[in-house]
Amino acid sequence: MSTRNGVWRALDERLGLSDFTYPVPRHANTVAYSLGGISLIGFIVLILSGIVLAQYYHPMPQFANDSVRTMMQGIRFERFVRGVHYWAAQVVVLTVLLHMIRVFSTGAFKKPREANWIIGVGLLATTIGLFFSGTVLKWDQEGFEALEHNIAIGELLGRLGYWFTPGFTENVSILLRVYIAHVSILPSLLLLLLVGHFWLVKKHGISARPGRPVGEMLPFTVHLKHLAKYALVLLGIVLVLGVLLPPAVGPAPVEGIEVTKPPWPFLPLFAFENWVGVPGLFWASTGLFVLLLLVPFLDRSPEVAPATRRVRLASGLILLLALVGLGLLALLTPGAVHVGG
Amino acid sequence: MGGKARWVAAGLVIAGLVGLGPGSALAHKGKLPEDALTLVRQAAALLAQNPAMTGEVRERLQLALKSKKPAGVHLDQVAEALRALDNKDIGAARRLVTAAIMPAGMPMPPEGPGRPAAQAKVAPPPSLAGQPAAVQLSLETAMKMAAPLRVRFTGSRTETSVLVTGLAFLGLGLFLLGRSRRAVQP
């Protein structure tokens, strides 16, 4: 027995590593089927970089913006860490969205995976929540206006939205509560949902590609090795972008003006808000998430091949194009004053 | 879901949008503040972050000139800033607007939407942490702090090291993925 095998056997005996050698189909290693794994790698990068940033960030309104500006002007590495955190967040939102598009287009949400699709929608909502709260934490005009919109929606919802308003507690600033949500509440929720998501993926297995046989099976550890290569690529991309295109930070906010547009994931919703005000923002986002939750119930046929799902795939594509179009419209048109002002 | 139910659902969504839309939206649109200092601060922030919004800036500066609460603002400089705007000299207008509120020191960031913004006081009390709540800055520093901070790549040794590390990760990852292409392509 070689030393390597001996070490493996000794570790396996104690840690049960061979449990990770269960078979997964070879196509799980393609980019399309690795998007969930790539998102997880992104989350790990975000947690690690977030822990570093928390050492330099001051979550009190009087100091928050200045602490971020100091990070960006500092001569130490925290500036690069913020760049990595920012770009990893962009990549994760993108890969989570692409992952959902892949699952929808290949019919991987169908029986028996409906519950996992619903958990996936919860993961998307949590990811968006983390992205949103991260935007607020900079405490510049963009972050401040984002929070003002959130508070306006909270007020619109009355008692249901009370937690999102400054009136919830007099002693703790709302920025501090957003910070707690960003570093504690939402990551805990994310972790819980991820555990459920992965447990169900293991239980039901990686879905087959529509219209093709499952094909050769490989140990899950091979898939993990493959994900490690994607991790290198992802880390490389966020490091390069973090250095070459570090994120900007605006000045400390001024209340009563509306001068910024939201970050790209929220731009399609901004178009609705431009039309009907803050309620448009609420109704559009609620409608979108309700629609996503209903997907497994609206498309209940067992068919997964694209040829047999033309209408549903076309509907999904139209919705996607409409959202992209609305986002571009919001990007190119001047914003209106929706709150305060 | 049947065809009829789908139309009912769509109707309910549209009714919700129409019913809750404009009324509530307008309810959120507040009035402009009355004190000159807040108005000029808003104008300064607008000029620093979106100089194209000259209409909003002018509206605030004109209101500041007529304000019954002019404390903490050099109104003569506000008037000059308005003239600079008329001449389309945004740079001068920004400088004058910033200078007009300099005696009040840099504004404290607001405590949060819905709470009263930290109003300017000529001599604000120190914060709980012991730092002064507002500090007197030079005009240049004040203008710099009021503008977005965009750090650029300068090619320093640290930046280059991080860049090279990133490129090495990227290259190694792509190389390993390419080498195991057989495993990727089923």
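Rules behind the numbers
Residues numbered from 1 in each chain as written. Chains lettered and ligands numbered in written order. Predicted model: local features only at pLDDT ≥ 70, side-chain atom pairs only at ≥ 80, totals over all residues. Heavy atoms only, no water. Helix = DSSP H or I, 4+ residues; strand = E, 2+ residues; numbered from the N terminus. Buried < 20%, exposed > 50% of the residue type's maximum accessible area, 1.4 Å probe, protein only. Areas by Shrake-Rupley, 256 points an atom, 1.4 Å probe, with all protein chains shown as cover. Rg over C-alpha atoms; globule rule 2.2 N^0.38 Å. Core = buried A, V, L, I, M, F, W, Y, C linked by side-chain atoms within 4.5 Å. Phe/Tyr/Trp six-rings, centres within 6.5 Å; stacked < 30°, edge-to-face > 60°. Salt bridge = Lys/Arg side-chain N within 4 Å of Asp/Glu carboxyl O. Patch = residues over 30% accessible without salt bridge, like charges linked within 9 Å, V, L, I, M, F, W, Y side chains within 5 Å. 1 Å grid on protein atoms, 1.4 Å probe; cavity = no way out; pocket = protein on both sides within 12 Å on 5 of 7 lines; lining within 4 Å. Points joined across faces, edges and corners; volume = space filled by probe spheres on them. Nonpolar A, V, L, I, M, F, W, Y, C, P; charged D, E, K, R; others polar. Contact = heavy atoms within 4.5 Å. Axes fitted to C-alpha atoms, helices over the stretch in contact; angles between N-to-C directions. Parallel < 35°, antiparallel > 145°, perpendicular 65-115°, else oblique. pLDDT = per-residue confidence, 0-100.

Q: Describe the overall build of chain B, with residues and values.
A: Counting its regular elements, chain B contains eight helices and zero strands. Across chain B, helices and strands are ordered from the amino to the carboxyl terminus as α-α-α-α-α-α-α-α. The buried share among the 186 residues of chain B stands at 35%. Working note: accessible area of chain B is about 11,000 Å², and carbon and sulfur atoms make up 62% of it.

Q: Go over the overall build of chain A, please, and point to the residues and values.
A: A count of helical and extended segments in chain A gives 11 helices and two strands. Tracing chain A from N to C terminus, the helices and strands come up as α-β-α-α-α-α-α-α-β-α-α-α-α. For chain A, the C-alpha radius of gyration of 22 Å lies close to 20 Å, the compact-globule estimate for 341 residues. Projected onto the principal axes, the alpha-carbon positions of chain A cover approximately 70 × 50 × 40 Å.

Q: An account of the nonpolar core is needed here, citing residue identities and associated values.
A: One recurring pattern in soluble globular proteins: nonpolar side chains tend to sit buried together. Y57, W117, V136, W139, L147 and L175 of chain A are the most contacted members of the largest nonpolar core, which has 73 residues in total. In terms of nonpolar packing, the next biggest core, distinct from the first, is built from 27 residues, A36, A44, A64 and L82 of chain B among them.

Q: Quick rundown of helix α9 (residues 267-276) of chain A? Include the residues and the values.
A: The complete set of buried residues in α9 of chain A reads L267, P268, L269, F270, A271 and E273 of chain A. G277 of chain A sits one or two positions beyond α9 of chain A and adopts a positive phi of about 80 degrees.

Q: Just give me the short version of the packing of aromatic side chains, but keep the residues and values in it.
A: Note on aromatic pairs: each is described by the distance of the centres and the angle between the planes. Residue and element names in this part refer to chain A. In total, this model carries 12 aromatic pairs over all chains according to the counting rule given. Relative to W117, the ring of F109 has its centre 5.5 Å away and its plane inclined at 55 degrees; by these criteria the two rings are tilted. On the basis of relative accessibility, which here comes to 1%, the residue F109 falls in the buried class. Look at W117 and you get buried, because its relative accessible area is 5%. Aromatic side chains F282 and W283 sit 5.4 Å apart centroid to centroid with 70 degrees between the ring planes, which places their arrangement in the edge-to-face category.

Q: Help me get a handle on the pattern of salt bridges, residues and values and all.
A: Residue and element names in this part refer to chain A. Tallying each qualifying case throughout the model produces nine salt bridges over all chains. In this structure, R26 engages E216 in a salt bridge whose closest nitrogen and oxygen atoms are separated by 2.6 Å. Taken together, the positions of R26 in the loop between β1 (23-25) and α2 (31-54) and E216 in the loop between α7 (174-204) and β2 (217-219) put the pair 190 residues apart, joining distant regions of the chain. Look at E216 and you get partly exposed, because its relative accessible area is 43%. Two residues, R312 and D299, come together in a salt bridge whose shortest N-O distance is 3.3 Å.

Q: I'd like a description of a nonpolar patch on the surface, backed by residues and values.
A: Residues and elements named next belong to chain A. Residues L94, L97, L98, I101, W264, L317, L320, L321, V324, L328, L331 and L332 make up a contiguous nonpolar surface patch of about 1,100 Å² in total accessible area. No other element matches the seven residues that helix α11 (residues 310-332) contributes to the nonpolar patch. In this fold, L98 is placed in helix α4 (residues 78-105).

Q: Describe in detail the layout of surface pockets, supporting the description with residues and values.
A: Residue and element names in this part refer to chain A. Each pocket or cavity is described by its volume, and for the second largest pocket that value is around 1,500 Å³. R82, Y86, G134, T135 and K138 are, among the 50 residues lining the second largest pocket, the residues nearest its centre. Every element with two or more residues in the lining of the second largest pocket is listed here: α2, α3 (64-73), α4, α5 (114-137), α6 (141-156) and α7. If one sorts the elements of the lining of the second largest pocket by residue count, α4 sits on top with eight residues. Partitioned by chemical class, the residues of the lining of the second largest pocket number 33 nonpolar, 11 polar and six charged.

Q: Outline the environment of P296 of chain A, listing residues and values.
A: All names here are of chain A. In this structure, P296 sits in helix α10 (residues 278-298). Distance in space between the C-alpha atoms of P296 and R113 is 8.7 Å, their sequence separation being 183 residues. Residues contacting P296, with those up to four places away along its chain left out, are F109, E114 and W117.

Q: Let's hear about the packing of α6 of chain A against α10 of chain A: which residues, and what values?
A: All names here are of chain A. It is the contact of α6 with α10, at a shortest axis distance of 9 Å, that shows an interaxial angle of 80 degrees. Here α6 is positioned roughly perpendicular relative to α10, judged by the angle of their axes. Of the residues in α10, those in contact with H149, A152, I153 and L156 of α6 are V278, P279, L281 and F282.

Q: Let's hear about the side chain of K229 of chain A: which residues, and what values?
A: Along the polypeptide, K229 of chain A turns up in helix α8 (residues 220-244). In this view, K229 of chain A contacts G173, L176, L177 and S180 of chain B; residues no more than four positions away in its chain are not counted.

Q: Can you break down the confidence of the model for chain B residue by residue, with the values?
A: Residue and element names in this part refer to chain B. Summary statistics for chain B give a mean pLDDT of 74 and a share of 62% for residues scoring 70 or more. No element of chain B has a lower mean pLDDT than helix α1 (residues 3-28), which averages 50, and none a higher one than helix α7 (residues 157-179), which averages 94. Of the regions scoring below 50 in pLDDT, residues 17-29 engages in 24 contacts with residues more than four places distant in sequence or in other chains. Counting interchain partners and residues more than four positions distant, the pLDDT-below-50 stretch residues 116-134 has 28 contacts. The complex model carries a pTM of 0.84, and its ipTM stands at 0.88.

Q: For unusual backbone geometry, give the residues involved together with the corresponding values.
A: Working note: non-glycine residues mostly have negative phi, and peptide bonds are mostly trans. All names here are of chain A. Of the consecutive residues K111 and P112, the connecting peptide bond is found in the cis state with omega at 10 degrees. Of note, the phi angle at W139 is positive, near 55 degrees, even though the residue is not glycine. Relative to the elements of secondary structure, W139 occurs in the loop between α5 and α6. Classification of W139 by relative accessible area gives buried; the value is 0%.

Q: Describe the confidence of the model for chain A, listing the residues and the values that go with them.
A: Close inspection of predicted coordinates is inappropriate in any region flagged by low pLDDT. The share of residues in chain A with pLDDT of 70 or more is 97%, and the mean pLDDT across the chain is 92. Looking at the elements of chain A, mean pLDDT is at its lowest for α9 of chain A, recorded as 87, and at its highest for α5 of chain A, recorded as 97.

Q: Got a sec to walk through the environment of I318 of chain A? Specific residues and values, please.
A: Residues and elements named next belong to chain A. Structurally, I318 can be placed in helix α11. Residue I318 is classed as exposed on the basis of its relative accessible area, which comes to 58%. Put simply, I318 and E216 are 102 residues apart on the chain and 35 Å apart in space, counted from C-alpha to C-alpha.

Q: Residue-level account of the environment of L331 of chain A, with values.
A: All names here are of chain A. Note on placement: L331 falls in helix α11. For L331 and F270, which are 61 residues apart along the polypeptide, the C-alpha to C-alpha distance reads 9.0 Å. Once residues within four sequence positions are removed from consideration, L331 is found in contact with K261 and L267.

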